[in-house]
Amino acid sequence: MTTLDTDPYTILGIRKDADLEEVKSAYRRLVRLWHPDVCGRSMENIKRFLTVKDAYLLLKKRLQAQATKRASSISHSTAANAVDRESSVEGTFLFVQIGLQEALYGTHVTIEIADGQDFCRKCSGLGQIAAKNPSTCPACKGKGYKTLSWGEQDLKIICAKCSGRGKEKLTSCPNCSGRGIITRKKKVEVQIPPGTRNGTVLQIETHRTSSSNDSHDEEGYFLEVEVEMPEGWIIHGNDIISTIDIDCWTKLGGGYIEIDTVDGPEKVFVTPGLGNERFIKIPNKGWINKDGKRGNHLVRLNVLSPKGPCPKDALILINQLKVLWPCEGYSLPALPAPDLHTKHYK
Ligand SMILES: [Zn+2]
Ligand SMILES: [Zn+2]
């Protein structure tokens, strides 16, 4: 077991007033970074991961004891086998990243999970093997004892790490990283249902082939799905919302523009005189709901105006336009174009 030598909040990198949900999400984030399956099974990595896990378990226990029962839990997920995040934190968390189209239409991913454990053959399950070159015991620096001040006396206590020998005859088994056990692995195919949203947690059916009764294997596996979104896209309800740059002339005069949808680029005709419209709606190109119905893709228009001073010829035309196509409720007459050589409006 590891011991917490620092504050659990510091270890998880969260504020002291973090609630249970924040604790869980910080833990999941750190699992993703530091799980030995991800960053390698060195002793250091395992220790670091266990420190994180201990900090998490401690805070969870503390916060659950304080927590008042929530009236209802909210789940936004639509997938059939998605689980409530509140109750799903007790197992092993795995993560997968999928594309937007895969999430919309459903896909399957292959993941690796533990399938029981065997004793390490190299160390017979002890986690330690005889060292080739016995090294000086780091705990007592080779003395074989430690000194404790007791009143005016000094007490000598036999070093527990080396049993007083002063040398370390055993070293951590490299085959099992000192755990004494080797985790068997197997590949599992996980079905990601259509319409899976970012952050959905799926419970994985494992059907263990192992006949051993590894009690800690019964926690189950959960797969958190991260959906890669194109930059600036969000999903709101069943609609996908994105933004497109459009020049003010196209917005006023109309024309074709190409808009990226989840199903690829779509040529859309902008109606002349869109006026104050802020969005273009592309029907049935949004997200998918339980019944297989698609929402809309809403494209927010970011209207661009020309830069720099208006050329004299353009000013004349704009003034003619003001007369030909006046703005509603705007009664001031069009002004003649100023002489650009004498006045500057910068
Ligand atoms: Zn020692
Ligand atoms: Zn071993």
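Cut-offs used in this document
- Residues numbered from 1 in each chain as written.
- Chains lettered and ligands numbered in written order.
- Predicted model: local features only at pLDDT ≥ 70, side-chain atom pairs only at ≥ 80, totals over all residues.
- Heavy atoms only, no water.
- Helix = DSSP H or I, 4+ residues; strand = E, 2+ residues; numbered from the N terminus.
- Buried < 20%, exposed > 50% of the residue type's maximum accessible area, 1.4 Å probe, protein only.
- Pairing = 2+ DSSP bridges.
- Axes fitted to C-alpha atoms, helices over the stretch in contact; angles between N-to-C directions.
- Contact = heavy atoms within 4.5 Å.
- Donors = N, O, S within 2.8 Å, 3.2 Å for Na, K, Ca; no water.
- Tetrahedral: all angles 85-135°; square planar, octahedral: opposite > 155°, others 65-115°.
- Patch = residues over 30% accessible without salt bridge, like charges linked within 9 Å, V, L, I, M, F, W, Y side chains within 5 Å.
- Areas by Shrake-Rupley, 256 points an atom, 1.4 Å probe, with all protein chains shown as cover.
- Salt bridge = Lys/Arg side-chain N within 4 Å of Asp/Glu carboxyl O.
- Lys, Arg positive; Asp, Glu negative; His and termini not counted.
- Charge placed at Lys NZ, Arg CZ, Asp CG, Glu CD.
- Phe/Tyr/Trp six-rings, centres within 6.5 Å; stacked < 30°, edge-to-face > 60°.
- Lys NZ or Arg CZ within 6 Å of the ring centre and 35° of its normal.

Our focus in this paragraph is unusual backbone geometry. The backbone of Ser124 shows a phi angle near 55°, a positive value even though the residue is not glycine. With respect to the helices and strands, the residue Ser124 is situated in the loop between β2 (107-119) and β3 (128-136). Since its relative accessible area comes to 57%, Ser124 is described here as exposed. One non-glycine residue, Lys141, lies in positive phi territory at about 55°. Tracing the sequence through the fold places Lys141 in the loop between β3 and β4 (145-150).

Spatially, β1-β9-β8 is the arrangement adopted by the 3 strands of the open sheet, whose pairing is mixed. Both edges of this open sheet fall to β1 (92-98) and β8 (201-204), since each of them pairs with a single strand only. Across the sheet, the mean angle separating the axes of adjacent strands is 30° when strand polarity is ignored. As paired elements, β8 and strand β9 (residues 221-227) share 4 bridges and run antiparallel to each other. When the sheet's bridge partners are listed, Leu202 is paired in β9 with Leu223. Along the sheet face, helix α2 (residues 20-34) touches β1 and β9 and points at about 75° away from the line of β1.

Below, the discussion takes up the coordination of the zinc ion (ligand 1). The zinc ion (ligand 1) binds to the protein through Cys137 (SG), Cys140 (SG), Cys159 (SG) and Cys162 (SG); the donor distances cover 2.1 to 2.3 Å. One can describe the donor arrangement at the zinc ion (ligand 1) as tetrahedral, given that its 4 donor atoms subtend angles of 104 to 114° at the metal. For the zinc ion (ligand 1), all donor residues lie on one chain, and their spacing in sequence is C-x2-C-x18-C-x2-C. Pair noted here: Cys140 is in the loop between β3 and β4 and Cys159 is in the loop between β5 (153-158) and β6 (167-172), with a separation of 19 residues, a long-range link. A residue is classified by how much of its surface remains accessible, and Cys140, at 3% relative accessible area, is buried.

Here we come to a positive patch on the surface. Together, Lys141, Lys143, Lys146 and Lys156 line one region of the surface with positive charge. For Lys146, the position within the fold is in strand β4. Since its relative accessible area comes to 44%, Lys146 is described here as partly exposed.

All right, on to the packing of aromatic side chains then. Within the structure shown, the criterion is met by 2 aromatic pairs. Just above the ring of Tyr145 sits the side chain of Lys156; from NZ or CZ to the centre is 4.7 Å. Across the ring face of Tyr256, the terminal group of Lys267 is positioned such that the distance to the ring centre comes to 5.3 Å.

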